[in-house]
Number of protein chains: 2
Amino acid sequence: MFRPEIKVIDCTVRDGGLMNKWQFDTAFVQNVYQATAAAGIDYMEIGYLSSESAFSREEFGPWKFCAEADLKKIIGSEDKKIKLSAMADIGRIDYADIPLRSESSIDMIRVACYVHQVDKAVALAHHCMDKGYETTINLMAVSTVGIRDLNEALEDLSKSRVPIIYLVDSFGAFYSEDIDMLAAKYMERLPGKTIGIHTHNNQQLAFSNTITAIINGVNYLDGSLYGIGRGAGNCPMELLLSFLKNPKFKVRPLIEVIEKDIFPWRDKIDWGYFIPYMVTGVLNEHPRSAMAHMESDRKNQVVEYFDKMNGELGYV
Amino acid sequence: MFRPEIKVIDCTVRDGGLMNKWQFDTAFVQNVYQATAAAGIDYMEIGYLSSESAFSREEFGPWKFCAEADLKKIIGSEDKKIKLSAMADIGRIDYADIPLRSESSIDMIRVACYVHQVDKAVALAHHCMDKGYETTINLMAVSTVGIRDLNEALEDLSKSRVPIIYLVDSFGAFYSEDIDMLAAKYMERLPGKTIGIHTHNNQQLAFSNTITAIINGVNYLDGSLYGIGRGAGNCPMELLLSFLKNPKFKVRPLIEVIEKDIFPWRDKIDWGYFIPYMVTGVLNEHPRSAMAHMESDRKNQVVEYFDKMNGELGYV
């Protein structure tokens, strides 16, 4: 049942931080670090690599930047217990601000890009590889990309040295048939590379689409604790590890940290299945307008939101 | 895209009533009736057919019984707007208490049974057919049934006159591969019959498993408003109709009734994705102990519940 090539990446702090500008305190991040390590998860994605010239420390918490001093507060004086990953967005990190891996606690840098940014993403990813990092490119929002553009992007990626390419359902718009088709396409057009999957839960399909990807040979799997993440959130890690049934994984540490550290956030931010997120998923739209509606004092007026989107875009 | 044989059944009142002993008031049921009709849904399952000798009217609301006088309060003086379904459990309804269809507002009776009750279920279903009803048999909890027992049950069902047989994931334990395998088995072993699917959402797979069933040729599809139902609930109807994209379906009436009538129930009963329900889904267990935990004052102490189940049954 167990496929040894499978690696699991926890995105709790990085993707969850999109909901609170990464204002997680040190104890929270330490607890996620300890729990994901105890659970046997392969990587903890702890935030974004961003230049301080691009974002304000007053507005954004430390996990928007992943400065080495902040990472050290999490790891403490003991040996690192789990590999750390950070995401880099095109144009928000200067090459000069990326330390050598030998001088960093980060092990893997995942470069996120849209289809029109693939050349820049490859350049940044090669730069990271040359500094010693494990590296992936996460091609976002492919549910909105035309077939020719996608094929060209995959062609460019196939020629790169980057070993791991992610299929990303940024808008939670894909059904299993889409994942079947795209995973097969990525596998075929990226020979020799490892494929990853990152899903969003707008239509309650994040976990099932991850399973569909596994069946299709995808080996890098993203999840987050109790599904915390932008908008509807991500594939719930506790479901994913329970499904994988690999003896190296332990579910109990996840349940502990969910009870202690994730549950309190349920009262502060609204990730998960809500009608506005469902609507953007069905319509294959960026969740920003749904997030704005959920943050307003009219979040339960879902007919109002439905009508606004229906008028603009047409619903089924 | 549209398969005309597909029929959609709303289980809001019947399965949701398992969470509140069918104590929905008349206005609620009227609003669900109007909304499901306006949405173009094929059947509204309005409750159970039970004999009043089996259950007390003081403890259970009217939709445990589906008396004709109560049905008339919902339908009013106009023509009926949507076909009505009621579920019958083996041993809880006397044949004599089932009126002729010509004297009832119910159109379809769905007989729910466990695998060891198939003979009784066929007898009851034939009785309902002979009284003029559309009839299905819903074989529950097949995730716990051995292959030989299941094959024998399907053999018995294949010999019956009952035209529609349901694949039921009572415990929310099935993954897509299980649905693929079982739907194919039901199709093969029940030639000439229509297959239905009823799912539970313990692992956030109710909607995706319904899609998997559709892909395998299953044509009777159960859902409920915002997924309301026992424990983790059912396939959310608003997701299902959005997926089906059949022009006869309208999503907006569902969003309206969800906002007005379903949202208030979120404060009173806990259906949906919660860790205790996830645990019983992963372990393929009846949700009753999870429901008891959720109804206790320790519902957020999920490690305690996990440890109890882990100690009894072993987890991954």
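Residues numbered from 1 in each chain as written. Chains lettered and ligands numbered in written order. Predicted model: local features only at pLDDT ≥ 70, side-chain atom pairs only at ≥ 80, totals over all residues.

**Q** Mind showing me how you'd approach the overall build of chain A here?
**A** Secondary structure assignment for chain A yields twelve helices and eight strands. Oriented by its inertia axes, the alpha-carbon framework of chain A measures out at about 55 × 45 × 45 Å. Out of the 316 residues in chain A, the part that is buried amounts to 52%. The contacts in chain A between residues at least 6 apart in sequence include a share of 77% that link residues at least 24 apart. (Helix = DSSP H or I, 4+ residues; strand = E, 2+ residues; numbered from the N terminus. Buried ≥ 20, exposed ≤ 12 C-beta atoms within 10 Å, placed from the backbone. Contact = placed C-beta atoms within 7 Å.)

**Q** Sorry if this is basic, but what is going on with the domain arrangement of chain A here?
**A** Where interface size is quoted, it is often the accessible area lost as the parts come together. All names here are of chain A. In terms of domain boundaries, chain A breaks down into domain 1 (7–267) and domain 2 (275–313). Averaged C-alpha coordinates put domain 1 and domain 2 at centres separated by 25 Å. The interface is formed by ten residues belonging to domain 1 together with eleven residues belonging to domain 2. (Domains from an automatic or database assignment.)

**Q** Looking at this structure, how should I read the environment of B:I137?
**A** Residues and elements named next belong to chain B. Along the chain, I137 turns up in strand β5 (residues 134–139). Distance in space between the C-alpha atoms of I137 and N246 is 26 Å, their sequence separation being 109 residues. Excluding residues that lie within four positions of it along the chain, I137 makes contacts with V111, C113, A121, A125, L157, V162, I165 and Y166.

**Q** Help me out: how do you make sense of the sheet that holds β5(B) in this one?
**A** Strands pair in a sheet through their backbones, by hydrogen bonds, and they do so in one of two ways: parallel or antiparallel. Residue and element names in this part refer to chain B. Pairing is parallel in the closed barrel, where eight strands are placed in the order β1-β2-β3-β4-β5-β6-β7-β8. With strand direction ignored, the average angle separating the axes of adjacent strands in the sheet is 25°. Bridge count for strand β4 (residues 108–113) against β5 is six bridges, and the pairing is parallel. Residue I109 lies in a different strand from β5, and its bridge partner there is T135. (Pairing = 2+ DSSP bridges. Axes fitted to C-alpha atoms, helices over the stretch in contact; angles between N-to-C directions.)

**Q** Any chance you could explain the packing of helix α10 (residues 275–283) of chain A against helix α11 (residues 288–295) of chain A here in plain terms?
**A** Packed helix pairs are characterised by how far apart their axes lie and by the angle those axes make with each other. Residue and element names in this part refer to chain A. Between α10 and α11, the shortest axis-to-axis distance is 9 Å and the interhelical angle comes to 170°. The orientation of α10 relative to α11 falls into the category roughly antiparallel. Two secondary-structure elements touch here, α10 through P276, Y277, V279 and T280 and α11 through A290, H293 and M294. Its residues assigned to classes, the contact of α10 with α11 shows five nonpolar, two polar and no charged. (Parallel < 35°, antiparallel > 145°, perpendicular 65-115°, else oblique. Nonpolar A, V, L, I, M, F, W, Y, C, P; charged D, E, K, R; others polar.)

**Q** Is there a simple way to think about the sheet that holds strand β6 (residues 164–168) of chain A in this case?
**A** Ordered by their spatial adjacency, eight strands build a closed barrel running β1-β2-β3-β4-β5-β6-β7-β8 (chain A), and the pairing between neighbours is parallel. Taking the axes of each pair of neighbouring strands and ignoring which way they run, one obtains an average angle of 25° across the sheet.

**Q** Sorry if this is basic, but what is going on with the pairing of strand β3 (residues 83–89) of chain A here?
**A** Within a regular beta strand, the side chains point alternately toward one face of the sheet and then the other, so they alternate between its two faces. Residues and elements named next belong to chain A. The buried fraction of β3 amounts to five of the seven residues, a majority that puts the element mostly inside the structure. Sheet topology note: the strand β2 (residues 43–48)/β3 ladder contains five bridges and is parallel. Counterpart to Y43 in the pairing with β3 is K83. One ladder, built from five bridges, connects β3 with strand β4 (residues 108–113); its direction is parallel. Bridge pairing in β4 places M87 opposite R110.

**Q** Could you clarify how one ought to interpret the pairing of β4(B) in this entry?
**A** Residues and elements named next belong to chain B. Of all six residues in β4, six are buried, a share of seventy percent or more. Residues M108, R110 and A112 line one face of β4 and the alternating positions I109, V111 and C113 line the opposite face, and both faces are buried. In this fold, the crossover linking β4 to β5 by way of helix α4 (residues 118–130) has right-handed handedness. (Right-handed = clockwise from strand over helix to strand, strands pointing away.)

**Q** Hey, could you run me through unusual backbone geometry in this one?
**A** Most peptide bonds take the trans form, and the phi angle of most residues other than glycine is negative. Although it is not a glycine, A:Y226 sits at a positive phi angle of roughly 55°. As for its position among the elements, A:Y226 is in the loop between β8 (220–223) and α8 (237–244). A:Y226 sits in the buried class, given 30 other C-beta atoms within 10 Å. Phi at B:Q204 takes a positive value of approximately 60°, unusual for a residue other than glycine. Relative to the helices and strands, B:Q204 resides in the loop between β7 (194–198) and α7 (206–215). For B:Q204, a count of 25 C-beta atoms within 10 Å corresponds to the buried category.

**Q** When you look at α7(B) in this model, what are you seeing that I'm missing?
**A** Structural remark: α-helix, 3.6 residues per turn; residues separated by three or four positions point the same way. All names here are of chain B. Within α7, eight of the ten residues are buried, which leaves the element mostly enclosed by the surrounding structure. Within the span of α7, buried status applies to A206, F207, S208, N209, T210, I211, T212 and A213. Residue G217 follows α7 closely and has a positive phi angle near 100°.

**Q** Would you mind showing me how to read the nonpolar core here?
**A** A:L167 and B:L167 are the most contacted members of the largest nonpolar core, which has 217 residues in total. If we ignore the near neighbours within four places in the chain, the residues touching A:L167 are A:V142, A:L182, A:A183, A:Y186, A:I195, A:G196, A:I197, A:A213 and A:V218. (Core = buried A, V, L, I, M, F, W, Y, C linked by C-beta atoms within 7 Å.)

**Q** Looking at this structure, how should I read the relation of the copies chain B and chain A?
**A** Here two copies of a chain appear, and what relates them is a rotation about an axis with a shift along it. In screw terms, the move from chain B to chain A is a rotation of 180° and a rise of 0.0 Å along the axis, fitting with an RMSD of 0.0 Å. Interpreted geometrically, this transformation is the action of a two-fold axis. When you check the interface residues of chain B against chain A, 100% turn up at the interface there too, and the contact is symmetric in its surfaces. (Least-squares fit on C-alpha atoms with pLDDT ≥ 70 in both.)

**Q** What is the right way to read the environment of A:S102 from this model?
**A** Along the chain, the position of A:S102 falls in the loop between β3 and β4. Considered as a pair, A:S102 and A:Y133 are 31 residues apart in the sequence and their alpha carbons are 9.0 Å apart.

**Q** Can you walk me through the interface of chain B and chain A in this structure?
**A** Listed by partner, the interface residues are 32 residues for chain B and 32 residues for chain A. Looking at the side of chain B that touches chain A, the elements with two or more residues in it are α7, α8 (237–244), α9 (252–266), α10 (275–283) and α12 (302–313) of chain B. Considering only residue class, the side of chain B that touches chain A consists of 19 nonpolar, eight polar and five charged.

**Q** Can you help me understand the environment of B:K159 in this one?
**A** Among the secondary structure elements, B:K159 is positioned in helix α5 (residues 147–159). Residues B:K159 and B:P191, spaced 32 residues apart in sequence, show a C-alpha to C-alpha distance of 10.0 Å.

**Q** How should the packing of α10(A) against helix α12 (residues 302–313) of chain A be read in this particular structure?
**A** All names here are of chain A. Axis separation between α10 and α12 bottoms out at 9 Å; the angle between their running directions is 15°. By the angle between their directions, the pair α10 and α12 is classed as roughly parallel. Considering how the two elements wind past one another, α10 and α12 form a crossing that is right-handed. Residues I275, P276, V279 and L283 of α10 pack against V302, Y305, F306, M309 and L313 of α12. Counted by class, the contact of α10 with α12 contains nine nonpolar, no polar and no charged residues. (Left-handed = near helix turned anticlockwise from the far one by under 90°.)

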